[in-house]
Amino acid sequence: MRLESTLIPAEGFHGKLAVHTAGPVGAPAAVLGHSILASTKMWRGQVEMLLELGLRVVSIDTRGHGASDEPPPECNLDDLVADNIRVLDELGIARAHFIGVSLGGMVALGLGILHPNRVASLIVCDARADAPPAFAAPWDERIAMAQEHGTAALADSTAERWLGSGFLERRPEVAREVKEMIAGTSVGGFAACARALQGLDYLGRVGSIAVPTQWIVGANDGVLPDAMRHLQSLVPSSALDVIEGAGHLPNVDQPTAFNDVVARRLHSLIA
């Protein structure tokens, strides 16, 4: 099904966010949050599954990504969280299920911490809640490269880090789409969101999350399986699924397994 697109004022600056929706107004809503250097396009393999569950799909292009306007140079995770609340308010949605991968998962954590009354459940994929030096430092080099050469200069290395060279070689059409999505991100949007990631500081408050929470992580995603096991231990009654053969974007490289976890969790909540 084709997503309908609209522009909604962002929170705290004069730009607008591109919001893409499908499904019946009034149905339970699932809000999708993508990774940095991505857009709504990364959710192509999930939209039909969510619609089949009877959900209203709301996919938001993060500031400076996809069709959303470029933000001011500085923003933080709380600002990105506030954008999601602004979208809910504009669409008349009281509460939603939030599904986020990477940056989108970190925003989902912020929603669960700061706005639990607006959250029906969280599905957090390949994300962390803090920014230790090993995570924060590489963003400086990436920002400098993008500012000098454009985000296209990040496409090859980012796609390989996300999905692995083997997958990219096996699926050249997906590799092309992912690299085009990365290159299509504005430099200012990438830099602002990368700075927000460097300031990520939700770990001490993750234990306050009280909504139903599902963690998902690709088995091949570096240190994140261990980081997400720790997050799962902090949230009572939350569940963790590790997807074998997946990297940083399981919804892209292992969509069937990813969709099975998401559908199982959401079906149990909306049935």
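Residues numbered from 1 in each chain as written. Predicted model: local features only at pLDDT ≥ 70, side-chain atom pairs only at ≥ 80, totals over all residues. Heavy atoms only, no water.

Novice: Could you give an account of the pattern of salt bridges, naming the residues involved and the relevant values?
Specialist: Considering all chains together, one arrives at 11 salt bridges under this definition. A salt bridge links Arg-195 to Asp-140, with the nearest nitrogen and oxygen atoms 2.6 Å apart. With Arg-195 in helix H9 (residues 187–198) and Asp-140 in helix H5 (residues 138–149), this pair connects stretches of sequence that are 55 residues apart. The class for Arg-195 is partly exposed, based on a relative accessible area of 32%. The partner of Asp-156 in a salt bridge is Lys-179, and the shortest N-O contact between them spans 3.2 Å. Of this pair, Asp-156 sits in helix H6 (residues 155–163) while Lys-179 sits in helix H8 (residues 172–183), and the two are 23 residues apart along the sequence. Residue classification places Asp-156 among the exposed residues on the basis of a relative accessible area of 52%. Salt bridges linked by common partners bring Glu-11, Arg-86 and Glu-90 together as one network. (Salt bridge = Lys/Arg side-chain N within 4 Å of Asp/Glu carboxyl O. Helix = DSSP H or I, 4+ residues; strand = E, 2+ residues; numbered from the N terminus. Buried < 20%, exposed > 50% of the residue type's maximum accessible area, 1.4 Å probe, protein only.)

Novice: Please set out unusual backbone geometry residue by residue, giving values where relevant.
Specialist: Despite not being glycine, Ser-102 has its phi angle at roughly 60°, a positive value. The backbone of Ser-237 sits at a positive phi, close to 65°, despite the residue not being glycine. Mapped onto the secondary structure, Ser-237 falls in the loop between helix H10 (224–234) and strand E8 (239–243).

Novice: With reference to specific residues and values, describe H6.
Specialist: For the α-helix, the turn length of 3.6 residues means that residues three or four positions removed from each other point alike. Along H6, the residues classified as buried are Ala-155, Thr-158, Ala-159, Trp-162 and Leu-163. For H6, the buried positions fall inside an angular range of 105° around the axis, keeping them on one side. A positive backbone phi angle near 85° is found at Gly-164, which sits one or two residues after H6. (Arc of directions from axis to C-beta.)

Novice: So what's going on with the nonpolar core? Residues and values would help.
Specialist: One finds Leu-50, Leu-77, Phe-98, Ile-99, Phe-190 and Val-262 to be the most contacted residues of the largest nonpolar core, which totals 94 residues. When sequence neighbours within four positions are dropped, the list of residues in contact with Phe-98 reads Val-31, Asn-84, Leu-88, Ala-108, Leu-111, Arg-118, Val-119, Ser-121, Leu-122 and Ile-123. (Core = buried A, V, L, I, M, F, W, Y, C linked by side-chain atoms within 4.5 Å. Contact = heavy atoms within 4.5 Å.)

Novice: Talk me through the environment of Gln-198; I want residue IDs and the actual numbers.
Specialist: With respect to the helices, strands and loops of the structure, Gln-198 is situated in helix H9. Setting aside residues up to four positions removed in sequence, Gln-198 forms contacts with Ala-131, Ala-136, Trp-139 and Asp-140.

Novice: For the side chain of His-248, give the residues involved together with the corresponding values.
Specialist: Of note, His-248 is situated in the loop between E8 and helix H11 (250–253). Overall, the relative accessible area of 12% leaves His-248 in the buried class. A polar atom in the side chain of His-248 sits 2.8 Å from the side chain of Ser-102. Polar contacts involving the side chain of His-248 include one to the side chain of Asp-221, which spans 2.6 Å. (Polar contact = N/O pair within 3.5 Å; in protein donor to acceptor, adjacent residues only side chain to side chain.)

Function cannot be inferred from these measures alone, as they are strictly geometric.
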